[in-house]
Amino acid sequence: MESHIEIQNEDALQKSFKEMISTLPKGNCWGCFEDLCQYQGFWFFSTFLQGALSAQQQFQAQPTDIILCSSPRTGTAWLKSLTFATITRTLYDDSTTPLLSKMPHDVVPFMEFDHAQFSTNRHLGIPLLATHLPYSLLPRSIIDSGCKLIYICRDPKDTFVSLYHFAARYSKSQNTQPIQLDEAFELFYEGGSPYGPYWDHVLGYWKASLEHPDKLMFLKYEELVEDTVLYLKKIAAYMGYPFSSEEQQQWVPENIVKMCSFENLSGLEVNKTGRHREGQGNLGLENNIYFRKGKPGDWKNYLTTEMAQRLDQRTMQKLSGSGLSL
Ligand code: A3P
């Protein structure tokens, strides 16, 4: 239990974070609950930045931790469900897995918000933790501990379209004015999206993956869609939970892929009608907002040719010389 002095220190720390955040440059809120603010080259909702600063000071990574890293709307929930199901496959079967009654974001804590920096809020048997933080802002202990990271990214056009829909649905749920597609597009293009600039986020992890390939697995949503079983086997081996030949003969990887598929998860009652962060003010949301189409290339239904070309050009320019293409 925390002592009185610890609580006082914690309150003082949070107050100093809030004060610092109030001095940062502000950006468009995307029709969401608070303005974005710019910190060390990236844009954040201040609630999450406060959590990030807290994690930077207090989170103690363990060498056995596995940190799932991503920009919003690039496949985080899917990666959470696949890794969670893989790691817990001997604890639960198809009829008892928590994924049947909890949405993926509720089985893997989110570092900037769930206060996972305090070990009491973590399920110690399950080493997974997720963050949207850019590589450059990860708590130092994550790098020093030598724990493993998995990063997922996605075609910027689909990421943008998914983000736009998420923001619009969020506004609808709060009865607030939604952001318009054109306005959101310009913000994303200029880098002013949550945890953006998107390309800088991707590049930070890409470069780190080249420097530390044994510590950072770099995934693309589209490749995961293309051959989920193959990538799941790679992910399992990388995490240190490889599928044995007996498990492979029993179709264990295939069954996990099926259970975590968009079709299956989005059809579960918990994901159709349940709520995430219930009781946490304007952060509470219907789970179904997190499941939209789950298809690469949906940008074609929303972006004009000119918009798509502009975004592609920006991607080429930003990733030029990196050896990465998206
Ligand atoms: P779309 O909006 O294009 O459908 P994140 O979890 O990082 O917020 O990413 C959200 C995107 O992943 C959304 O994309 C969502 O529909 C898709 N998604 C959610 N669950 C998925 C799953 N099990 N398989 C594939 N895609 C999934």
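This text goes with the structure placed above it.
So, a few notes on the structure that sits alongside this text. Owing to the predicted nature of the structure, the values given are computational and were not obtained by experimental measurement. (Residues numbered from 1 in each chain as written. Predicted model: local features only at pLDDT ≥ 70, side-chain atom pairs only at ≥ 80, totals over all residues.)

### Quick look at the overall build of the protein chain
Short version of the rule: A run of H or I in DSSP becomes a helix once it reaches four residues, and a run of E becomes a strand once it reaches two; helices and strands are each numbered from the N terminus. Our radius of gyration is a C-alpha quantity, and the globule rule it is checked against amounts to 2.2 Å times the number of residues to the power 0.38. For the exposure call, what matters is how many other C-beta atoms sit within 10 Å of a residue's own: 20 or more marks it buried, 12 or fewer exposed, and in between partly exposed, using C-beta atoms placed from the backbone. Distance between backbone-placed C-beta atoms decides contact: two residues are in contact if it is within 7 Å.
For the protein chain, the count of helices and strands is 14 helices and nine strands. For 326 residues, the compact-globule formula gives about 20 Å, and the C-alpha radius of gyration of the protein chain, at 19 Å, lands near that figure. For the protein chain, the C-alpha atoms occupy an extent of roughly 60 × 55 × 45 Å along the three principal directions. For the protein chain, the proportion of its 326 residues judged to be buried stands at 39%. If you take every contact in the protein chain between residues at least 6 apart in sequence, the share linking residues at least 24 apart comes to 70%.

### Considering the pairing of strand β3 (residues 42-45)
Counted only if it meets this: Being paired, for any two strands, means DSSP has found at least two bridges between them.
Across the two faces of β3 the burial is the same, with Phe42 and Phe44 and Trp43 and Phe45 all buried. With four bridges joining them, strand β2 (residues 36-39) and β3 adopt antiparallel strand pairing. Each bridged residue has a counterpart across the sheet, and for Tyr39 the counterpart in β3 is Phe42. With antiparallel pairing between neighbouring strands as the criterion, β2 and β3 make up a hairpin whose turn holds two residues, including Gln40 at a positive phi of roughly 45°.

### Here's the deal with the sheet that holds strand β7 (residues 216-220)
Let me state the cut-off plainly: An axis is simply a line fitted to the C-alpha atoms; with a helix, the fit covers only the stretch in contact. Between two such axes, the angle follows the N-to-C directions and lies from 0 to 180 degrees.
What the four strands build is an open sheet, ordered β5-β4-β6-β7; its pairing is parallel. The two strands at the open ends of the sheet, each matched to only one other strand, are β5 (128-131) and β7. Pairs of neighbouring strands in the sheet enclose a mean axial angle of 20°, with direction left out of account. Two elements, strand β6 (residues 148-153) and β7, share five bridges in a ladder whose sense is parallel. Counted as the bridge partner of Leu149 is Leu216 from β7. Here helix α3 (residues 76-87) sits on the sheet and contacts β4 (66-70), β5 and β6; the angle it forms with β4, its principal contact strand, is near 165°.

### Observations concerning unusual backbone geometry
Across the junction of Gly196 and Pro197, the peptide omega takes the value 5°, indicating a cis bond. Along the polypeptide, Pro197 turns up in the loop between α6 (181-190) and α7 (198-211). Phi at Asn175 is positive, roughly 55°, even though this residue is not glycine. Position of Asn175 relative to the elements: it lies in the loop between α5 (156-174) and α6. Judged by local crowding, Asn175 falls into the exposed class, with 6 C-beta atoms found within 10 Å.

### As for helix α1 (residues 4-22)
For the record, the criterion: Given a helix with a known number of residues, its expected span is that number minus one, times 1.5 Å.
The terminal C-alpha atoms of α1, which comprises 19 residues, lie 27 Å apart, in line with the 27 Å expected from a rise of 1.5 Å per residue. Of all 19 residues in α1, zero are buried; the element is thus mostly exposed.

### Focus on α7
The first and last C-alpha atoms of α7 sit 21 Å apart over 14 residues, in line with the 20 Å expected at 1.5 Å per residue. Looking at the buried positions of α7, the neighbouring elements they touch are β4, β6, α5, α6, β7 and α14 (305-319).

### Some remarks on the packing of α1 against helix α2 (residues 46-58)
Two numbers describe a pair of packed helices, the interaxial angle and the distance between the axes. Operational definition: Note on terminology: angles under 35 degrees are roughly parallel, angles over 145 are roughly antiparallel, angles of 65 to 115 are roughly perpendicular, and the others are oblique. Take the far helix as the reference: if the near one is turned anticlockwise from it by less than a right angle, the crossing is left-handed, and if turned clockwise, right-handed.
Where α1 contacts α2, the axes come no closer than 10 Å and their chain directions differ by 130°. Regarding the angle of α1 to α2, the classification is oblique. In this structure, the crossing between α1 and α2 has a hand that is right-handed. Residues Leu13, Gln14, Phe17, Lys18 and Ile21 of α1 pack against Ser46, Leu49, Gln50, Leu53, Ser54 and Gln57 of α2.

### Brief notes about the site of the ligand
Short version of the rule: Only the C-beta atom, placed from the backbone, is used; a residue is near a molecule or strand if that atom lies within 6 Å of it. Put simply, Ala, Val, Leu, Ile, Met, Phe, Trp, Tyr, Cys and Pro go in the nonpolar bin, Asp, Glu, Lys and Arg in the charged bin, and everything else, Gly too, in the polar bin.
Around the ligand, a shell composed of 21 residues is seen, among which Thr76, Ala77, Ser162, Arg292 and Gly294 lie nearest. Mapped by element, the contributors of at least two residues to the shell around the ligand are α3, α5 and α12 (262-267). For the shell around the ligand, the class distribution of residues is eight nonpolar, eight polar and five charged.

### A word on the nonpolar core
In plain terms, the rule: The term nonpolar core means buried Ala, Val, Leu, Ile, Met, Phe, Trp, Tyr and Cys residues held together as one set by C-beta atoms within 7 Å.
One finds Ile150 and Tyr151 to be the most contacted residues of the largest nonpolar core, which totals 79 residues. Setting aside anything within four residues of it in sequence, one finds Tyr151 in contact with Cys69, Ser70, Tyr205, Ser209, Leu216, Phe218 and Leu219.

### Focus on the environment of Leu303
Mapped onto the fold, Leu303 is located in the loop between β9 (285-286) and α14. What Leu303 contacts, discounting residues up to four positions off in sequence, is Lys157, Val161 and Ala308.

### Quick notes on the sheet that holds β2
Taken together, the three strands give an open sheet; going across it, the order is β1-β2-β3, and neighbouring strands pair in antiparallel fashion. Bordering the open sheet on either side are β1 (26-27) and β3, each of which pairs with just one other strand. Direction of pairing for β1 relative to β2: antiparallel, over a ladder of two bridges. Among the inter-strand pairings, Gly27 is bridged to a residue of β2, identified as Leu36. Lying over the sheet, α2 contacts β2 and β3, oriented at roughly 105° with respect to β3.

### Structural notes on the packing of α3 against helix α9 (residues 228-239)
Two elements in contact, α3 and α9, have axes separated by 10 Å at closest approach and are oriented at 60°. Taken together, α3 and α9 sit at an angle that is classed as oblique. In terms of crossing hand, the pair formed by α3 and α9 is right-handed. For the pair α3 and α9, contact is made by Leu82, Thr83, Thr86 and Ile87 and by Leu232, Ile235, Ala236 and Met239, respectively. Classifying every residue of the contact of α3 with α9 by side-chain character gives six nonpolar, two polar and no charged.

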